[in-house]
Structure formats: C-alpha cells, structure tokens
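Descriptive analysis of the structure
Residue strings, one per chain:
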There are 2 protein chains.
Amino acid sequence: MDSIDKGIVSCLVANARASYADIGKSVNLSTPAVKRRVDRLLRTGVLRGFTAVVDPEALGWATEALVDIFCRNNVAPERIREHLEPFAEIAAAYTVTGAANVVVHLRARDIGKLETVLERLRGLDMVERTTSTVILSTLLDRRAGVGPR
Amino acid sequence: MDSIDKGIVSCLVANARASYADIGKSVNLSTPAVKRRVDRLLRTGVLRGFTAVVDPEALGWATEALVDIFCRNNVAPERIREHLEPFAEIAAAYTVTGAANVVVHLRARDIGKLETVLERLRGLDMVERTTSTVILSTLLDRRAGVGPR
DNA sequence: CGTGAAAGCATGATTTT
DNA sequence: AAAATCATGCTTTCACG
C-alpha cells in the first residue's frame with residue numbers, strides 16, 4: 001500500500017469504470033502493472049469491489065430516517081446484526097456509544113413504508129424502544145469515497 | 001425507467017466493472033442496447049456514477065462518529081452545506097427533524113483527529129453546540145446499493 | 001433494438017531492469 | 001520483485017438496417 005496504490009484507489013473511487021490504461025496515465029504505470037496492483041488490492045481487501053452510485057429518489061426511494069435503537073438486554077453485536085440483516089430497508093447500521101445501542105439508517109419508499117418498518121423493528125424481542133429522526137435533505141454524501149487527505 | 005433498466009442498475013450496483021456484454025446476458029439485451037441504456041441512465045441522473053468500495057480501515061480511516069449539530073439561527077440548508085463542504089472528514093450530512101438541525105457522519109484517522117474536527121465544527125458561527133456519538137462497529141453497510149425490493 | 005466492423009482494452013506470457 | 005513490452009481475445013463504440 002504505497003502512494004501509487006493510493007493514486008489507483010483514488011482514480012477508481014472517482015470512476016470505477018476507468019480503464020487500466022487511463023489509470024496508468026495518472027500514476028505513470030503501464031496497463032498490466034495497474035491491473036496487477038488492482039488485483040492485489042482486491043485480494044487484500046483494501047478494495048472491496050466496484051459499485052454504481054444510484055440516485056435513491058430516481059428509484060422512488062425518497063424517505064430516509066436515522067433510528068436510535070435501545071436494546072432490552074446486552075445483546076452481542078453479531079446477534080443484533082443477524083436480527084437487522086433481513087430488513088432490506090436498512091441502508092446502514094452501527095453500534096454506538098451513548099444512550100442508544102444501535103443507530104440504523106433507514107431508506108423507504110414513503111413515510112407510510114417507513115412507519116411499517118419501524119413497527120417491525122419495534123416488534124423484535126431485543127428492541128426496547130426506538131426514537132426516529134427523519135432526514136429532510138442530504139447536504140453531502142461522500143460515503144462511497146476515501147475520506148480526508 | 002422500466003424493469004430492464006432496473007436489472008441493469010442492479011448489475012452495476014453489484015459490479016460496476018461488469019462488461020455490457022455480461023449485463024446484456026442478465027437482462028437479455030445486446031451489448032449496444034445495454035450501453036445506450038446506461039448512457040441514458042447517466043444522462044438522466046438515475047446513475048450518478050461508478051465508484052470503488054474501499055475498506056476505510058485499510059486506509060487508516062478507522063474512527064467514525066455521528067454528530068448532532070444545533071444551529072444558532074435558522075440557517076438555510078444551502079448555507080449550511082457551504083459551511084460543511086470544506087470538511088473533508090464529513091462522509092455525509094443531513095438536515096433532520098427533531099431537536100438538532102443537522103446530523104453529520106464524520107470519519108477520521110483516530111480519536112484525536114476526530115476531536116480536532118469537532119473543535120473546527122464548533123468554531124463555525126452558525127453552530128451553537130454539538131453532541132457526538134462514536135460509532136463502535138458497522139453492523140451493515142448497503143449505502144451503495146439500491147434499497148429494498 | 002440488433003448486426004457487424006474498427007478501435008481500444010484486458011490480460012497472460014515473456015523479457016528487461 | 002516489479003515493471004515494460006508484446007500478442008491474443010474481448011469490449012466498447014458507432015454507423016446502419
């Protein structure tokens with residue numbers, strides 16, 4: 001993981017469909033050299049894969065919320081994950097410090113669907129209660145990117 | 001935006017580097033037809049682009065937090081966005097309902113860097129106070145995906 | 001939308017540093 | 001060990017039916 005790898009990762013984050021030839025021009029490497037490094041980055045897990053960035057609204061996925069989940073007992077994170085996994089509406093889920101145990105990022109077709117999902121969440125044995133915060137607008141979204149500096 | 005487009009989007013979300021020929025096999029379309037549809041999906045904004053999914057830890061980007069920001073005055077969302085944009089550590093930012101005005105998803109190299117960013121955030125004129133929740137683990141992360149059903 | 005052709009790209013084997 | 005070159009087979013891309 002040297003500075004050339006970082007350059008390659010940056011190129012692929014910016015455009016996952018860039019050709020190895022184009023990436024090579026950016027980092028001053030031949031096409032096969034870029035491919036070998038990308039293959040290695042995939043093998044070692046630095047690169048987890050390549051994906052399309054979809055506009056959720058364009059797919060009718062307009063309503064989002066951040067839900068704090070307070071668990072009844074001390075449930076193990078892996079057990080929590082197993083319970084949340086079936087919820088297709090969960091865009092992300094985190095265990096956190098603070099009063100709540102888990103924060104879940106929900107994405108649903110509309111407020112009605114959001115409510116349905118919340119009811120299903122509250123129906124889980126491990127869930128004591130939830131508090132929801134509806135997202136009004138997305139100001140920034142760089143989650144697919146690499147982060148600062 | 002018909003069912004074929006949805007199939008194409010699913011393929012690209014699963015693997016943004018899939019060839020048009022392979023996608024075509026999935027959706028029963030010729031290679032150029034797939035390309036035409038992808039070009040159109042990009043032009044109309046349904047597809048915003050293609051990106052690499054990077055393991056943040058592998059890049060030393062290990063510490064994350066969700067920060068509630070309480071603004072001093074009624075600041076317009078676009079103005080808030082302008083203030084937050086320079087923070088490279090912001091992975092995502094949302095305006096929300098509830099007590100706080102904005103929720104920011106921060107990603108930093110370590111707790112020390114996280115603190116520095118929080119201090120800079122609190123230094124903004126518009127920010128009255130913040131409350132932070134440190135992320136202990138990521139249970140699920142489907143942010144790049146398309147969502148339920 | 002499909003077909004076919006031309007240009008460009010991916011990728012493995014081989015050679016070079 | 002890692003990169004460049006080269007040769008092969010696919011991919012992309014576009015004009016046309």
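Calculation criteria
- Residues numbered from 1 in each chain as written.
- Chains lettered and ligands numbered in written order.
- Predicted model: local features only at pLDDT ≥ 70, side-chain atom pairs only at ≥ 80, totals over all residues.
- Heavy atoms only, no water.
- Near = heavy atom within 4 Å.
- Polar contact = N/O pair within 3.5 Å; in protein donor to acceptor, adjacent residues only side chain to side chain.
- Helix = DSSP H or I, 4+ residues; strand = E, 2+ residues; numbered from the N terminus.
- Nonpolar A, V, L, I, M, F, W, Y, C, P; charged D, E, K, R; others polar.
- Domains from an automatic or database assignment.
- Core = buried A, V, L, I, M, F, W, Y, C linked by side-chain atoms within 4.5 Å.
- Buried < 20%, exposed > 50% of the residue type's maximum accessible area, 1.4 Å probe, protein only.
- Contact = heavy atoms within 4.5 Å.
- Buried area = accessible area lost by both parts, 1.4 Å probe.
- Salt bridge = Lys/Arg side-chain N within 4 Å of Asp/Glu carboxyl O.
- Expected span 1.5 Å × (residues − 1).

**Brief notes about the protein's contact with DNA strand D**
Near DNA strand D, the surroundings consist of 13 residues, among which Ser30, Arg36 and Arg37 of chain A together with Tyr20 and Lys35 of chain B are the closest. Among all atoms of DNA strand D positioned within 4 Å of the protein, those belonging to sugar or phosphate total 68%. For DNA strand D, a phosphate oxygen lies 3.3 Å from a polar atom in the side chain of Arg36 of chain A. Interatomic distance of 2.8 Å between a backbone N/O atom of Tyr20 of chain B and a phosphate oxygen of DNA strand D. Elements supplying a minimum of two residues to the surface near DNA strand D: α3 (31-43) of chain A together with α2 (20-27) and α3 (31-44) of chain B. Here the surface near DNA strand D is composed, by residue class, of six nonpolar, three polar and four charged.

**A look at the domain arrangement of chain A**
Parsing chain A into structural domains produces domain 1 (3-43) and domain 2 (56-135). A C-alpha centroid distance of 37 Å is found between domain 1 of chain A and domain 2 of chain A.

**Section: the nonpolar core**
Counting 35 residues, the largest nonpolar core has Leu47 of chain A together with Leu47 of chain B as its most contacted members. Ranked by the residues each element gives to this core, the list is headed by helix α1 (residues 3-14) of chain A, at five residues. Not counting residues up to four positions away in its chain, the partners in contact with Leu47 of chain B are Ala52, Val53 and Val54 of chain A together with Val9, Leu12, Val38, Leu41 and Leu42 of chain B.

**Side note on the interface of chain B and chain A**
Taken together, the contacts link 64 residues of chain B with 63 residues of chain A. Between chain B and chain A the total buried area reaches about 6000 Å² when both faces are included, carbon and sulfur atoms providing 59% of it. Viewed at the interface, chain A and chain B are joined by four salt bridges. With its nearest N and O atoms 3.4 Å apart, the salt bridge here joins Asp55 of chain A to Arg48 of chain B. Summed over the shared surface of chain B and chain A, the number is 37 residue pairs in polar contact (both at pLDDT 80 or more). Contributing elements (two or more residues each) for the side of chain B that touches chain A: α1 (3-14), β1 (47-54), α4 (77-84), β3 (90-96), β4 (102-108) and β5 (127-141) of chain B.

**Thoughts on α1 of chain A**
For α1 of chain A, which comprises 12 residues, the first-to-last C-alpha distance of 17 Å matches the rise-based estimate of 16 Å (1.5 Å per residue) to within 8%. Looking only at α1 of chain A, the buried set comprises Asp5, Gly7, Ile8, Val9, Cys11, Leu12 and Val13 of chain A. Contacts made by the buried residues of α1 of chain A are with α2 (20-27), α3 and β1 (47-54) of chain A together with β1 of chain B. One side-chain oxygen of the residue at the start of α1 of chain A lies 3.2 Å from the amide nitrogen of Ile4 of chain A, identifying that residue as Asp2 of chain A.

**A word on the environment of Lys6 of chain A**
Residue and element names in this part refer to chain A. Note on placement: Lys6 falls in helix α1. By relative accessible area, which is 47% here, Lys6 ends up partly exposed. Between the C-alpha atom of Lys6 and that of Arg142, which follows or precedes it by 136 residues, the distance is 17 Å.

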